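# An overview of the molecular structure
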Amino acid sequence: MHPLLAPRMSLVGSSPTAEISNKVRALAAAGHSVINLGEGELDFATPAAVCEAGIAAIRNGETKYTAVAGTRELRAAISRKFATENGLSYGPSEVIAGAGAKQLIFNAFLATLSDGDEVIVPAPYWVSYPDMIRLAGGEPVVVSCPREDGWKLTAQALQNALTERTRWVVLNSPNNPTGAVYSPAEMKALTDVLLPHDTVLILADDIYEHVRYDCDFATPAAVEPQLRPRVLTVNGLSKGYSMTGWRVGYAGGPEWLIDAMQILQSQSTSNPSSISQQAAIAALDGGTSFMTEWMKVLLERRNIVLDSLQGLTCLDADVPEGAFYVFADCSGLIGKYRPDGRMISSDLDFAAYLIEEAHVGVVHGSAFGAPGHIRIAYAIDTETLRTACDRIVEACGKLRDRKVA
Ligand SMILES: Cc1ncc(COP(=O)(O)O)c(C=O)c1O
């Protein structure tokens, strides 16, 4: 580490998903046809009406600073969204908009964690939680949720992980990277455990709320209204509305916490882009009817990936109920040999092999706290996805039990 860097920089690394994207870009720049199944980003265009609202904002001169937590209109739209879609009543001082859900989660941890405070993070987890927690002085307490449990935290595992130092529990449904979705009953089992622990906060990361296949959605503050004063419900437009680049996320929670997050935001990034805020109002008020078509396309893509895997004995995955990822077990490949004689000794090696041999980028499971797996994001154009899957199958077929002389 460079001597001029602060010690806290030793606590964090750059996002593994960004690293995959860099490798993909480098190969593409060298003239190879590479396909990135590593990125958590839909290829769909942002809905036209939402784009128009952004363009109108520029034309109307809505290009200045706004209130740090977002304009009054945007906060009202966020409150309406929570009320109509989730049955949650958050007033204007209980909601905040930020530059992505990421910023809001970061600020929530920064505002509340002291040295040594514990945050329960069910694994597989979104890559950023542990590093954000460490940066804020906390300690991630990773609780492995096995595939046999549908990759979900059970009441017993949660109970076992709670200590006097627990400050937060992170619940992410639909989940990145597994696509697991907690049913209302499964969520209730967890909120029942949390009810008596009145110094524990709950982070509900609902960013994939709209990306679900025929299953119910459950968010903790709605499932157990008594917990509402301790839940931060985080959501955003990146995934459901294909608006990753617009950078708008939002959260609802107790006023004391929203206030603190707003103070941090006021001293760091200030309001999210005024233009994006106008687009976000159009998105939140415009409904999600376009999602029906999107989900049809995503379902087809999900099946393309699952069908490809079915033909392989060495990669195996359950059917995900939400998000746009397939989380596949690749442990059967560990110990096999590549055509160049090198052994695959980890999920990281396998992901590297897929990039080098098949020119397909995927993310290794270790990045999500689940070694022996890979995450395949099927958020890309359907035909390209088919090609990528064929290439994966072909590359797997080249692996051998013994080193080829
Ligand atoms: C689980 C989860 N939460 C939060 C985010 C952050 O989303 P954004 O900052 O784009 O709103 C992501 C993005 O990949 C995610 O996968």
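Quick notes on the rules
Residues numbered from 1 in each chain as written. Predicted model: local features only at pLDDT ≥ 70, side-chain atom pairs only at ≥ 80, totals over all residues. Heavy atoms only, no water. Helix = DSSP H or I, 4+ residues; strand = E, 2+ residues; numbered from the N terminus. Expected span 1.5 Å × (residues − 1). Contact = heavy atoms within 4.5 Å. Domains from an automatic or database assignment. Buried area = accessible area lost by both parts, 1.4 Å probe. Near = heavy atom within 4 Å. Polar contact = N/O pair within 3.5 Å; in protein donor to acceptor, adjacent residues only side chain to side chain. Nonpolar A, V, L, I, M, F, W, Y, C, P; charged D, E, K, R; others polar. Pairing = 2+ DSSP bridges. Axes fitted to C-alpha atoms, helices over the stretch in contact; angles between N-to-C directions. Salt bridge = Lys/Arg side-chain N within 4 Å of Asp/Glu carboxyl O.

## Section: helix H10 (residues 274-286)
- Between its terminal C-alpha atoms H10 stretches 18 Å, which fits the 18 Å expected from 13 residues at 1.5 Å a residue.
- As for H10, its buried residues are in contact with helix H2 (48-59), helix H3 (72-86) and strand S8 (249-252).

## Quick look at the domain arrangement of the chain
- For the chain, the assigned domains read domain 1 (7-45 + 290-397) and domain 2 (48-286).
- At the interface, 37 residues of domain 1 touch 28 residues of domain 2.
- For the pair domain 1 and domain 2, the summed buried area comes to about 2800 Å², and 58% of that belongs to carbon and sulfur atoms.
- On the domain 1 side of the contact with domain 2, Glu321, Phe327 and Phe368 bury the most area, a combined 21% of that side's loss.

## Quick word on the site of the ligand
- Near the ligand, the surroundings consist of 13 residues, among which Ala101, Asp205, Ser238, Lys239 and Arg247 are the closest.
- A distance of 3.0 Å separates an oxygen atom of the ligand from a polar backbone atom of Lys102.
- Ser238 has a polar side-chain atom sitting 2.7 Å from an oxygen atom of the ligand.
- Looking at the shell around the ligand residue by residue, the classes come out as 5 nonpolar, 4 polar and 4 charged.

## A short note on unusual backbone geometry
- Note that the residue after Ala123, namely Pro124, is joined by a cis bond; omega there is 0°.
- Structurally, the position occupied by Pro124 is in the loop between strand S3 (118-123) and helix H5 (128-135).
- Residue Pro177 is bonded to the preceding Asn176 through a cis peptide linkage, with omega at 25°.
- When you line up the elements, Pro177 lands in the loop between strand S5 (166-172) and helix H7 (184-194).
- Non-glycine residue Ser242 carries a positive phi angle of around 50°.
- Mapped onto the secondary structure, Ser242 falls in the loop between strand S7 (231-236) and S8.

## Things to note about H2
- In a regular helix each residue adds 1.5 Å, so 12 residues correspond to 16 Å; H2 covers 16 Å between its end C-alpha atoms and thus fits that length.
- Contacts from the buried residues of H2 go to H10.
- Count one or two residues on from H2 and you reach Gly61, which has phi positive near 75°.

## What about the sheet that holds S8?
- Within the open sheet, the 7 strands sit side by side as S2-S8-S7-S6-S5-S3-S4. Their pairing is mixed. At either margin of the open sheet sits one strand with a lone partner, and together these are strand S2 (95-98) and strand S4 (139-144). Geometrically, the sheet is characterised by an average inter-axis angle of 20° between neighbouring strands, direction not taken into account.
- For S2 and S8, the ladder comprises 4 bridges, and the chain directions are antiparallel.

## Brief notes about the pattern of salt bridges
- Counted under the stated rule, the structure contains 23 salt bridges.
- With a closest N to O distance of 3.6 Å, Lys188 and Glu224 form a salt bridge. With a gap of 36 residues between them, Lys188 in helix H7 and Glu224 in the loop between helix H8 (220-223) and S7 connect regions that are remote in the sequence.
- Among the charged side chains, a salt-bridge network with shared partners connects Arg338, Asp340, Arg342 and Glu356.

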